[in-house]
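# Examination of the molecular architecture
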Amino acid sequence: MGSGWNLGNTFDSFEEGHDRGEETWGNPKVTKELIQAVKEKGFDSIRLPLTLHQRIGSLEEQAKINEELLNRYEEVVQWALEKDLYVLINIHHDSWTWLADWDRESHSEEYLIFIFIWNTTSRAF
């Protein structure tokens, strides 16, 4: 994957009871120009963290991911791919929020939602 650049907390940040998407924690919106600059600086890959805590429903709600956020995330992934960057999708804070309760059983809700997340994101990109 060569040399990599980290987008930081964008798409990774969340606030209890309030979600401003990628702008949570004071992050600026990602632009095509930013992705272009990353490529022009000689980077070959980019880490795009994603936290779905509070942005995904339960299994009863068919584990739907916040569609607006997912569409925006996909847009940024596509910008990076258009610049021939390898994209590392990193499901990040979920491991210590809702996924921390996983009982290590493959039939548990936490496991099924985690699998759903990866199936959804891999199909989108």
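Structure: see above.
To start, this report covers the structure provided alongside it. The structure displayed is predicted, hence computed values, not measured ones.

## Digging into the overall build of the protein
Helix and strand counts for the protein stand at three helices and three strands. Listing each helix as α and each strand as β along the protein from the N terminus yields β-α-β-α-β-α. For 125 residues, the compact-globule estimate of 2.2 N^0.38 gives 14 Å, and the C-alpha radius of gyration of the protein, at 15 Å, lies within 12% of that figure. The buried share among the 125 residues of the protein stands at 38%. The long-range fraction of contacts in the protein, counting pairs at least 24 apart against all pairs at least 6 apart in sequence, stands at 71%. Looking at the protein, you have 12 positive and 23 negative side-chain charges, and the mean spots of the two groups are 8 Å apart.

## Focus on the pattern of salt bridges
Using the criterion set out here, one finds two salt bridges in the structure. Note that Arg72 is salt-bridged to Glu22, the shortest N-O span being 2.5 Å. Pair noted here: Arg72 is in helix H2 (residues 67-82) and Glu22 is in the loop between strand E1 (4-6) and helix H1 (32-40), with a separation of 50 residues, a long-range link. For the pair Arg72 and Glu22, one class covers both residues: buried. Residues Arg72 and Glu75 are paired through a salt bridge, measuring 2.7 Å at the closest nitrogen-oxygen approach. Note that Arg72 and Glu75 are positioned in helix H2 at a spacing of three residues, about one turn of the helix. In this structure Arg72 comes out as buried when scored by relative accessible area, which is 14%. Glu75 gets classed as partly exposed once you look at its relative accessible area, which sits at 36%. Among the charged side chains, a network of salt bridges with common partners joins Glu22, Arg72 and Glu75.

## Observations concerning the sheet that holds E1
Ordered by their spatial adjacency, three strands build an open sheet running E1-E2-E3, and the pairing between neighbours is parallel. With partners counted over all chains shown, the strands left at the sheet margins are E1 and strand E3 (86-91), one partner each. Adjacent strand axes in the sheet meet at a mean angle of 25° when their direction is disregarded. Here six bridges tie strand E2 (residues 45-50) to E3, and the two strands are oriented parallel to one another. Counterpart to Ser45 in the pairing with E3 is Tyr86. Packed on one face of the sheet, H2 meets E2 and E3 and runs near 175° to E2.

## Here's the deal with H2
The end-to-end C-alpha separation of H2 is 22 Å, in line with the 22 Å expected for 16 residues at 1.5 Å each. Every buried residue of H2 is accounted for by Leu69, Leu70, Arg72, Tyr73, Val76, Val77, Trp79 and Ala80. Remark: Asp84 follows H2 within two positions and exhibits a positive phi of approximately 60°.

## A closer look at the environment of Arg123
Along the chain, the position of Arg123 falls in helix H3 (residues 109-124). Sequence separation of Arg123 and Arg55 is 68 residues, and the distance between their C-alpha atoms is 18 Å.

Reading the values: the criteria
- Residues numbered from 1 in each chain as written.
- Predicted model: local features only at pLDDT ≥ 70, side-chain atom pairs only at ≥ 80, totals over all residues.
- Heavy atoms only, no water.
- Helix = DSSP H or I, 4+ residues; strand = E, 2+ residues; numbered from the N terminus.
- Rg over C-alpha atoms; globule rule 2.2 N^0.38 Å.
- Buried < 20%, exposed > 50% of the residue type's maximum accessible area, 1.4 Å probe, protein only.
- Contact = heavy atoms within 4.5 Å.
- Lys, Arg positive; Asp, Glu negative; His and termini not counted.
- Charge placed at Lys NZ, Arg CZ, Asp CG, Glu CD.
- Salt bridge = Lys/Arg side-chain N within 4 Å of Asp/Glu carboxyl O.
- Pairing = 2+ DSSP bridges.
- Axes fitted to C-alpha atoms, helices over the stretch in contact; angles between N-to-C directions.
- Expected span 1.5 Å × (residues − 1).

Just geometry here; none of it tells us what the structure is for.
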